[in-house]
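A look at the structure
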Amino acid sequence: MAYTSSSLHLHKHLLLPKTNPSSSYSRPPPPSFVAAAAKINGVNGHSSKKSPNGKAQINGDGKKGVNGSGRKKAAAQHINGNDRIHLSVSTGGAGGQDGFGLRVAFQGAPGAYSEFAAKTALPGCDTVPCRAFADALAAVDGGAVDRAILPVESTMEGTALRNYDLLLRHDLVVVQEINLFVHYCLLAMPGVRAAEVRRVISHPMALAHCGRALARLGVDREPVEDTAGAVEMLRSNRMLDTAAIASPRAADLYGLDVLAHGLQDESWNVTRFLLLSKPPSPVTLPMDADAKTSMVVAHRGGSMMVVLKVLSAFSSRNINLTKLEVINNNDGGGGGGGAAAGHPVMILDTSARGAPTLRAFPHVLYVDCEGASHDPRVLDAIKEIERFAVFVRVLGCYAADSNVYDLQ
Ligand SMILES: O=C(O)C(=O)Cc1ccccc1
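Rules of the game
Residues numbered from 1 in each chain as written. Predicted model: local features only at pLDDT ≥ 70, side-chain atom pairs only at ≥ 80, totals over all residues. Heavy atoms only, no water. Helix = DSSP H or I, 4+ residues; strand = E, 2+ residues; numbered from the N terminus. Contact = heavy atoms within 4.5 Å. Areas by Shrake-Rupley, 256 points an atom, 1.4 Å probe, with all protein chains shown as cover. Salt bridge = Lys/Arg side-chain N within 4 Å of Asp/Glu carboxyl O. Buried < 20%, exposed > 50% of the residue type's maximum accessible area, 1.4 Å probe, protein only. Pairing = 2+ DSSP bridges. Axes fitted to C-alpha atoms, helices over the stretch in contact; angles between N-to-C directions. Patch = residues over 30% accessible without salt bridge, like charges linked within 9 Å, V, L, I, M, F, W, Y side chains within 5 Å. Polar contact = N/O pair within 3.5 Å; in protein donor to acceptor, adjacent residues only side chain to side chain. Phe/Tyr/Trp six-rings, centres within 6.5 Å; stacked < 30°, edge-to-face > 60°. Lys NZ or Arg CZ within 6 Å of the ring centre and 35° of its normal. Near = heavy atom within 4 Å. Nonpolar A, V, L, I, M, F, W, Y, C, P; charged D, E, K, R; others polar. UniProt positions renumbered as here; feature names shortened; annotations may be inferred. Core = buried A, V, L, I, M, F, W, Y, C linked by side-chain atoms within 4.5 Å.

The next subject is the overall build of the chain. For the chain, the count of helices and strands is ten helices and 21 strands. Of the contacts formed within the chain by residues at least 6 apart in sequence, a portion of 80% connects residues at least 24 apart. When the accessible surface of the chain is split by element, carbon and sulfur atoms take 53% of a total near 15,900 Å².

If you want it as structure tokens, here you go:
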């Protein structure tokens, strides 16, 4: 296989609250989680079809869109212990940030999961819908917005390689992470019964996450740009033989009926999103925050030996890793996975003095570790890795957030 990726199942870590060891975390991911996390090669592909969302959006030329949802505050539930505790996020957001005055670009129509994630991470922010993830990143890169939000991995699918590809092509820094519990509902026009549904439309990731339920229903599946966009499409075209997979909030927002709840094949379905900004990071790490550092390491090949050396650089300094994804493209042929399937990973090299250059690397590791990038132990580990790696780029240092927010 030309373009392979394997993860060491460290995604599981994102579900384990580290900062509150006293909390009894009695809802561990089901056993199938680990297997699911190993299924890489993200399915969050996006066609370049016209968005179903007729509203003004940011598109490739960086123009600003409109979003009526304005400054509403997000309500979140925090899964911690036996119960899901209702948390009303009124002041600081998930990462202790307040989003008032900040514009956050997300992919999709109002009501998309990414928008909920943005509003939970940065309560009070103004969300700006974009047709494609690339448009959201271009918007923050070009200064049209302050942040972009990007789903980068899910418990069911592992790393969203296409989105990593996008992230690496831009000179952006990770400033915050947020984990969102994703509940999928089957939505239809008012009055439509489940038996009348012949086709289901949604974001490719949502269709993949609900594969078994859709097979049971025996319906056709059609990918569209995003979940909320699917709902908007149903409503504006008054489609009576079609249902959409989206959130219960999207049902409320667009006035559709919920035909079924909890459609996802795995009950534990968490997506991790990253908030991105232009460098230097405008976010100061809170003094008491546990930090995390994300980086990409390009190397010459011989992956497993390199993986061992990387592990050793961290473990010898007692630094825990929360993610390790191995990407290989050996022969330039086809292969599953990210936008760069069959091609080397393209990474913007921002380290040189001159203009940043886009460089191609066939062998790459995505690494997240605990600790700040200015922590001497982390710095030393990176220095050690630089001795055998071709290239290392720190993607950002931010407050670790092991909470899982549930917006149902
Ligand atoms: O389509 C959406 O609503 C998105 O925000 C993308 C997405 C889809 C499914 C899970 C998480 C994010």
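Here the narrative resumes.
With that settled, the discussion passes to the pattern of salt bridges. The tally for this structure, following the rule as stated, stands at twelve salt bridges. Of the charged contacts, one joins Glu 153 and Arg 272 as a salt bridge, the two residues approaching to 3.2 Å between their closest N and O atoms. In this pair, Glu 153 sits in strand β6 (residues 147-154) while Arg 272 sits in strand β14 (residues 270-277), placing the two residues 119 residues apart along the sequence. Exposure class is identical for Glu 153 and Arg 272. Each is buried. The salt bridge involving Asp 349 is made with Arg 359; its shortest N-O contact spans 2.8 Å. Highlighted residues: Asp 349 in strand β17 (residues 345-349) and Arg 359 in strand β18 (residues 357-361), separated in sequence by ten residues.

Pairing in this open sheet of five strands is mixed, and the strands run β11-β10-β12-β9-β13 from one edge to the other. Strands at the two margins of the open sheet, each flanked by one partner only, are β11 (220-223) and β13 (257-260). Along the sheet, successive strands turn relative to each other by an average axial angle of 35 degrees, direction set aside. Of the pairings in the sheet, the one linking strand β10 (residues 199-202) to β11 comprises four bridges and is parallel in character. Each bridged residue has a counterpart across the sheet, and for Arg 199 the counterpart in β11 is Asp 220.

On the secondary structure map, Ser 247 appears in the loop between β12 (242-246) and α8 (248-254). Residue classification places Ser 247 among the buried positions, given a relative accessible area of 3%. Apart from residues no more than four positions distant in its own chain, Ser 247 is found in contact with Gly 111, Tyr 113, Phe 116, His 183 and Leu 187.

Moving on, we come to a nonpolar patch on the surface. A cluster of nonpolar side chains, contributed by Met 305, Leu 308 and Leu 311, occupies part of the molecular surface with about 280 Å² of accessible area. Along the chain, the position of Leu 311 falls in helix α9 (residues 303-315). Taking the relative accessible area as the measure of exposure, Leu 311 reaches 31% and is therefore partly exposed.

Of all ten residues in helix α7 (residues 227-236), seven are buried; the element is thus mostly enclosed. By the burial criterion, the buried members of α7 are Thr 227, Ala 228, Gly 229, Ala 230, Val 231, Glu 232 and Leu 234. Where α7 starts, the residue carrying a side-chain oxygen 3.2 Å from the main-chain nitrogen of Ala 228 turns out to be Asp 226.

Turning our eyes to something else, we now look at the packing of aromatic side chains. In this structure the tally under the stated criterion is four aromatic pairs. Ring geometry for Phe 181 against Trp 268: centres 5.3 Å apart, planes inclined by 90 degrees, an arrangement best described as edge-to-face. Taken together, the residues Phe 181 in strand β8 (residues 173-181) and Trp 268 in the loop between β13 and β14 connect sequence positions 87 residues apart. A relative accessible area of 3% places Phe 181 in the buried class. Pairing Phe 361 with Phe 391 gives two aromatic rings, centres 5.3 Å apart and planes at 5 degrees, and the pair type is stacked. Of the two residues, Phe 361 is situated in strand β18 and Phe 391 in strand β20 (residues 391-399); the sequence distance between them amounts to 30 residues. For Phe 391, a relative accessible area of 7% translates into the label buried. Just above the ring of Phe 116 sits the side chain of Arg 249; from NZ or CZ to the centre is 5.4 Å. The cationic tip of Arg 359 hangs over the ring face of Phe 391; the distance from NZ or CZ to the ring centre is 5.3 Å.

Surrounding the ligand, one finds Ala 112, Tyr 113, Ser 114, Tyr 184, His 203, Met 205, Asp 226, Thr 227 and Thr 271. Within the contact set of the ligand, an oxygen atom lies 2.5 Å away from a side-chain nitrogen or oxygen of Thr 227. In the complex, 100% of the free accessible area of the ligand, which totals 310 Å², lies under the protein chains. When its residues are assigned to classes, the shell around the ligand shows four nonpolar, four polar and one charged.

Those places that UniProt annotates as "domain: Prephenate dehydratase" (unreviewed entry) correspond, in this numbering, to residues 103-278. Along residues 103-278 the backbone is 32% helical and 33% strand, and the end-to-end C-alpha distance reaches 13 Å.

A few words now on the nonpolar core. In terms of nonpolar packing, the biggest core is built from 54 residues, with Ile 149, Leu 180, Tyr 184, Leu 187, Val 200, Val 231 and Ile 245 touching the most fellow members. At five residues, helix α2 (residues 113-121) tops the list of elements feeding residues into this core. Those residues in contact with Ile 149 that sit more than four places away from it in its chain are Val 104, Ala 105, Phe 106, Ser 114, Ala 117, Ala 118, Ile 178, Phe 273, Leu 274 and Leu 275. Core analysis: the second largest hydrophobic core is formed by 33 residues, Phe 133, Ala 139, Leu 150 and Phe 391 among them.

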